[in-house]
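Understanding the architecture of this molecule
What follows is the residue order along each chain.
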Amino acid sequence: MKNILVIGATGQIGSELTMKLRCIYGNDHVVAGYIPGAEPKGELKESGPAEICDVTDCAGIDAVVKKFDIDTIYNLAALLSVVAESKPMLAWKIGIDGLWNILEIARENGCAVFTPSSIGSFGPETPRNHTPQDTIQRPITIYGVSKVTTELLSDYYFKKYGVDTRSVRFPGLISYVTPPGGGTTDYAVDIFYSAVRGEDFVCPIAAGTYMDMMYMPDALDACVNLMEADPTRLIHRNAFNIAAMSFDPEGILAAIRKYKPDFKMTYKVEPLKQNNADSWPNSLDDICARQEWDWCAKYDLDSMTRDMLEKLSARLR
Ligand code: VAH
């Protein structure tokens, strides 16, 4: 049975991924790595082991890997695109210096590593519609620069040292459990909180700005299924395009109004978020993930909207 370390286990992806992994592999086989100030709470704390894991502390993480005989590391430590622009050197320190620590620990201890990339790894010169798996990547954000570097460094450790590195390019992720923090795509989560609370929503992204989005259950399936995939089928590794839906603010507004007809939205565009979004693709081509490890999203805009409204209403009640 696998022994897994989730670094960033209390974040937007980590808080749900840790619980999913514990259901699959057993509570005691999944260690929740966190940083002081972001301690696990509730079921995440009660259901399994947790250790302080700061990606900038190589010796500390190496000790945790040895203590629990870890063979698989999900490295989710990163600053998201908006926060990263205000703290570019910290974004690099966590995203890349931290990744290098993880890859060295994985090389020395024989661990597989999953470190997500993002649609943010593309730039204005990238073909915008049905962006191919292999194409130009000249991002204009430090978030994107760190994600391209993440892909290349992870490939390097596979090719040079045989470290089993794998990853995906996540679109904007939508979930009702742990709110995101500091992302360009966060509007697609925040809008649901406004809808459920009966408040008007002020959208920071302009109408007509399309981005790939994904419901968290599909993202979690991608994390697990890619790491379980037959390595002999993998032609690519870091990082697979995966896609589920592409919409602009008017699209998600219309989807929510099917269930809440009186819901209102106005626009107050935030230049930094808009600049990021304008440099990213409208939609991705995920044919390689489908062919190499049978990726297939289960949720589309309508089914995600229905489930988000139902689950978030229950959670906020
Ligand atoms: C962000 N949610 O907005 C992240 C994502 C596609 C963007 O990586 O920064």
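How each quantity is defined
Residues numbered from 1 in each chain as written. Predicted model: local features only at pLDDT ≥ 70, side-chain atom pairs only at ≥ 80, totals over all residues. Heavy atoms only, no water. Helix = DSSP H or I, 4+ residues; strand = E, 2+ residues; numbered from the N terminus. Rg over C-alpha atoms; globule rule 2.2 N^0.38 Å. Buried < 20%, exposed > 50% of the residue type's maximum accessible area, 1.4 Å probe, protein only. Contact = heavy atoms within 4.5 Å. Areas by Shrake-Rupley, 256 points an atom, 1.4 Å probe, with all protein chains shown as cover. Axes fitted to C-alpha atoms, helices over the stretch in contact; angles between N-to-C directions. Parallel < 35°, antiparallel > 145°, perpendicular 65-115°, else oblique. Left-handed = near helix turned anticlockwise from the far one by under 90°. Nonpolar A, V, L, I, M, F, W, Y, C, P; charged D, E, K, R; others polar. Domains from an automatic or database assignment. Buried area = accessible area lost by both parts, 1.4 Å probe. Salt bridge = Lys/Arg side-chain N within 4 Å of Asp/Glu carboxyl O. Polar contact = N/O pair within 3.5 Å; in protein donor to acceptor, adjacent residues only side chain to side chain. Pairing = 2+ DSSP bridges. Near = heavy atom within 4 Å.

Some details on the overall build of the chain
- Within the chain one finds twelve helices and 14 strands.
- Over its C-alpha trace the chain gives a radius of gyration of 19 Å, about what one expects of a compact globule, namely 20 Å for 317 residues.
- The principal-axis extent of the C-alpha atoms belonging to the chain is close to 55 × 45 × 35 Å.
- A total of 317 residues make up the chain; the buried ones form 56% of that total.
- In the chain, 79% of the contacts between residues at least 6 apart in sequence involve partners at least 24 apart.
- For the chain, the exposed surface amounts to about 13200 Å²; the carbon and sulfur share of it is 53%.

Some points on the packing of helix H5 (residues 88-109) against helix H6 (residues 142-161)
- Two elements in contact, H5 and H6, have axes separated by 10 Å at closest approach and are oriented at 15°. As far as their axial angle goes, H6 and H5 are roughly parallel. By crossing handedness, the relation of H5 to H6 is classed as right-handed. Of H6, the residues touching H5 (which contributes Pro88, Ala91, Trp92, Gly95, Ile96, Leu99, Trp100, Leu103, Glu104 and Arg107) are Ile142, Val145, Ser146, Thr149, Thr150, Leu153, Ser154, Tyr157 and Tyr161.
- Its residues assigned to classes, the contact of H5 with H6 comprises twelve nonpolar, five polar and two charged.

Quick notes on the domain arrangement of the chain
- Domains assigned within the chain are domain 1 (4-170 + 216-241) and domain 2 (172-213 + 245-316).
- A separation of 23 Å is found between the C-alpha centroids of domain 1 and domain 2.
- Each side of the interface is counted separately: domain 1 has 42 residues, and domain 2 has 38 residues.
- Counting the surface lost from both domain 1 and domain 2, the interface buries some 3400 Å², and carbon and sulfur atoms represent 58% of this.
- Viewed at the interface, domain 2 and domain 1 are joined by two salt bridges.
- Linking domain 1 to domain 2 there are 23 residue pairs in polar contact (both at pLDDT 80 or more).

Remarks on the sheet that holds strand E7 (residues 165-166)
- Taken in spatial order, the six strands line up as E3-E2-E1-E4-E5-E7 in an open sheet, and their pairing is parallel. Only two strands of the sheet have a single neighbouring strand rather than two, namely strand E3 (50-52) and E7.
- The pairing of strand E5 (residues 112-114) with E7 spans two bridges and is parallel. Pairing of Phe114 across the sheet is with Arg166, part of E7.
- Seen against the sheet, helix H3 (residues 58-67) touches strand E1 (4-7), strand E2 (30-34), E3 and strand E4 (72-75) and runs at an angle of roughly 150° to E1.

Remarks on the site of the ligand
- The full set of residues close to the ligand is Leu80, Ser81, Ser118, Ile119, Tyr143, Phe170, Pro171, Gly172, Gly183, Thr184, Thr185 and Trp280.
- Taking Ser81, its side chain carries an N or O atom lying 2.6 Å from an oxygen atom of the ligand.
- Grouping the constituent residues of the shell around the ligand by class yields six nonpolar, six polar and no charged.
- The residue makeup of the shell around the ligand includes at least three contributed by each of domain 1 (4-170 + 216-241) and domain 2 (172-213 + 245-316).

Overview of the sheet that holds strand E6 (residues 117-118)
- With parallel pairing, the three strands of this open sheet are ordered in space as E6-E8-E12. Edge positions in the open sheet fall to E6 and strand E12 (240-241), since each of these has one partner strand only.
- Taken together, the two bridges between strand E8 (residues 168-170) and E12 define a ladder with parallel strand orientation. Note that in E12 the partner of Arg169 across the bridge is Asn241.

Considering unusual backbone geometry
- Residue Asn238 is joined to Ala239 through a cis peptide bond whose omega torsion reads 15°.
- Position of Ala239 relative to the elements: it lies in the loop between helix H8 (216-228) and E12.
- Positive phi, close to 50°, is recorded for His130, a residue that is not glycine.
- Relative to the helices and strands, His130 is located in the loop between E6 and H6.
- Classification of His130 as exposed rests on a relative accessible area of 57%.

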